[in-house]
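Inside the fold
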Amino acid sequence: MIVTEVNSGPKAAYALTGTVLTLSVPEVGSISVDLAEGQQELQRLIDISLDRGYQRLAEGIGAWTVATIVIPPIESEVYETDEVDPETGQPIVGVHRLPLDMSKVQLHLWGLPMSLSNTEEEI
């Protein structure tokens, strides 16, 4: 996973378990996103924000952006089967979805509001 600190200041802590990314903000809580489940045909952006009172983390645009996750589009692989199209005599091909390549996922971390502190500990 490519991690970028967008601006200065303390950031949310993050942990990755398989394809599940967990972001944590002290005194607020944490939120988990299954990146593989969130993968789509096109690149997907997921914003993680604090609400107006800085009391809750949620997906979407809120009062304060904590992180932006960029999930690459689904990749597929074409393979030949042992079958032949009876009408054309051409080999029949199949397509299968490749697993999410975590090295292509991007996590952009934004500075937390001054009223929150970051312990920067592993979750």
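Before going into details, it helps to say that this report is about the structure given with it. Since this is a predicted model, take the numbers as computed values, not measurements.

The number of helices and strands found in the protein is one helix and ten strands. When the helices and strands of the protein are listed from N to C terminus, the series reads β-β-β-β-α-β-β-β-β-β-β. A globule of 123 residues ought to have a C-alpha radius of gyration of about 14 Å, yet the protein, at 20 Å, is considerably larger. Expressed along its principal axes, the backbone C-alpha trace of the protein runs to roughly 70 × 25 × 20 Å. With 123 residues in all, the protein has 33% of them scored as buried. Counted over contacts in the protein with a minimum sequence separation of 6, partners at least 24 positions apart contribute 56%. In the structure as shown, the protein presents an accessible area of about 7600 Å², 49% of it carried by carbon and sulfur atoms. Distance from the positive charge centre (6 side chains) to the negative charge centre (19 side chains) of the protein: 13 Å.

Trans peptide bonds make up most of the peptide bonds, and negative phi angles are found at most residues other than glycine. For E27, which is not glycine, the phi dihedral falls at a positive 70 degrees. Turning to its location among the elements, E27 is positioned in the loop between strand 3 (20–25) and strand 4 (29–34). With a relative accessible area of 65%, E27 lands in the exposed category. Phi is positive for Y54, which is not a glycine, with a value near 55 degrees. With respect to the secondary-structure elements, Y54 resides in the loop between strand 5 (44–50) and strand 6 (57–59).

Cut-offs applied
Residues numbered from 1 in each chain as written. Predicted model: local features only at pLDDT ≥ 70, side-chain atom pairs only at ≥ 80, totals over all residues. Heavy atoms only, no water. Helix = DSSP H or I, 4+ residues; strand = E, 2+ residues; numbered from the N terminus. Rg over C-alpha atoms; globule rule 2.2 N^0.38 Å. Buried < 20%, exposed > 50% of the residue type's maximum accessible area, 1.4 Å probe, protein only. Contact = heavy atoms within 4.5 Å. Areas by Shrake-Rupley, 256 points an atom, 1.4 Å probe, with all protein chains shown as cover. Lys, Arg positive; Asp, Glu negative; His and termini not counted. Charge placed at Lys NZ, Arg CZ, Asp CG, Glu CD.

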